[in-house]
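Topology and contacts: notes
Single-letter residue listing:
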Amino acid sequence: MSKLNTHEEEMIESSTPSLKLHLIRDYPPNTPVGLVVCHHGIMVNTKFYDKFVKGMNESNIIVYRYDARGHGKSEGKRGYVKSLFEMVEDLKIMVGLAKKENPNLPVFIMGHSMGGLVSALFASKYSNEVNGFILGAGVLKDNYHIFGDLPLKEDPEKYIPVHEAMKAKEFTLEVQEMLLKIYPNLVSEITISIINSFGEGIEYLKNNMKNFVKPVLVLNGNADFLVNQKDAIDFYSELDNKDKSLIIFSGVGHELWNEEKGDMIVWHILDWVQHRLK
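About the criteria used
- Within each chain, residue numbers correspond to sequence positions counted from 1 in written order.
- pLDDT decides what is reported in this predicted model: residues at 70 or higher carry local features, side-chain atom pairs at 80 or more are listed and counted, and totals for whole chains, interfaces and linings draw on all residues regardless.
- No hydrogens and no water enter the side-chain calculation; it runs on all heavy atoms of the structure.
- Grouping buried Ala, Val, Leu, Ile, Met, Phe, Trp, Tyr and Cys residues that are joined through side-chain atoms within 4.5 Å yields what is termed a nonpolar core.
- Remark: exposure states derive from per-residue accessible area (1.4 Å probe, protein chains only) relative to the maximum for the residue type, with buried under 20%, exposed over 50%, and partly exposed in between.
- Comment: elements are numbered from the N terminus, with helices defined as DSSP H or I runs of at least four residues and strands as E runs of at least two.
- Contact criterion: two residues are considered in contact whenever any of their non-hydrogen atoms come within 4.5 Å of each other.
- Residues are called lining when one of their atoms sits within 4 Å of a cavity or pocket point, these points coming from a 1 Å grid over the protein atoms alone, where a cavity is a set in which a 1.4 Å probe fits but cannot get out and a pocket is an open set with protein on both sides within 12 Å along at least five of seven lines.
- Grid points are joined across faces, edges and corners, and a volume is the space filled by probe spheres set on the points.
- Ten residue types, Ala, Val, Leu, Ile, Met, Phe, Trp, Tyr, Cys and Pro, are classed as nonpolar, four, Asp, Glu, Lys and Arg, as charged, and the remainder, Gly among them, as polar.

**Section: the nonpolar core**
With 94 residues, the main nonpolar core has Val37, Trp257 and Ile269 as its most contacted residues. Ranked by residues supplied to this core, first place goes to helix α2 (residues 84-101) with 9 residues. In contact with Ile269, other than residues within four places in its own chain, are Phe52, Met56, Met110, Ile134, Leu217, Leu219 and Trp257.

Written out as structure tokens, the structure reads:
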């Protein structure tokens, strides 16, 4: 039975026994030529990728996107992980499922913000599992120290409202409430543990970049007040990779394809992917 032009939702076992993740599969109207597995950022969920999915499907690319543990409709303690490597192992499960269900298609990983760091950590451990990576506004270096100096010396299970945890003065309670209207099931409070996991992840990535061997496209906006464009520039400069690309978009903030210039950003991603399908 053909799955062309269909939208599926399913709960999938994570890397932790008895914890399930909410997965969405979106299939294009015509014979697919590739597949992208998407990992979103902190707070938000799969809805963040709606516009991205539309652009991929129109170019005959399947998209698998899922709510990270503790986010959206997925199970798990809200806004909490012991380590981002739990999310890395979840991503490995999703990639394995995508490859099993679509054995003849090239598979790419798209990670945004926290998802960019998770995807880069995946690449540092399992680079050869996929055909390439797109890292959008990824927290790869943390030049802004968005959560302050890590690790925080507080109870790992303590919750903090996201707008208080983030040090960007532009990220106010009003911004958080606006996002809540856009993304149902938004995570409005996060734990000290997930905050500190960023520091652990960034340090691990710095020491294991040599394992990042597959093609990578690094994206950032120069108007992003959560992730400094210097994160992307520094990561790109330090990466010893034969096939690496960097694009800094003028006048674009953290939400990339969900902003005014979003169609142009999706086009650049598609162009990069399509050149690696040949």
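**Some remarks on the environment of Lys167**
Mapped onto the secondary structure, Lys167 falls in the loop between α4 (162-165) and α5 (173-182). Note on Lys167: relative accessible area 53%, which makes it exposed. Along the primary structure Lys167 and Leu226 are separated by 59 residues, whereas in three dimensions their C-alpha atoms are 8.6 Å apart. Among all residues touching Lys167, those that are not within four sequence positions of it are His145, Ile146, Phe147 and Gly148.

**Notes on empty space enclosed by the protein**
Sizing a probe to match a water molecule and rolling it over the atoms shows the empty space that remains. Tallied over the entire structure, the rule returns 1 cavity of 30 Å³ or more. Considering only enclosed or pocket space, the largest cavity measures out at about 90 Å³ in volume. In terms of lining, the largest cavity is formed by Ile42, Ser113, Met114, Val139, Ile146, Phe147, Met166, Phe198, Leu226, Val227 and His254. Grouping the constituent residues of the lining of the largest cavity by class yields 9 nonpolar, 2 polar and no charged.

**What about the environment of Asn30?**
For Asn30, the location among the structural elements is in the loop between β2 (20-26) and β3 (34-39). We classify Asn30 as partly exposed; its relative accessible area is 44%. Along the backbone, Asn30 and Asn5 are 25 residues apart, and their C-alpha atoms lie at a distance of 7.5 Å. Excluding residues that lie within four positions of it along the chain, Asn30 makes contacts with Leu4 and Asn60.

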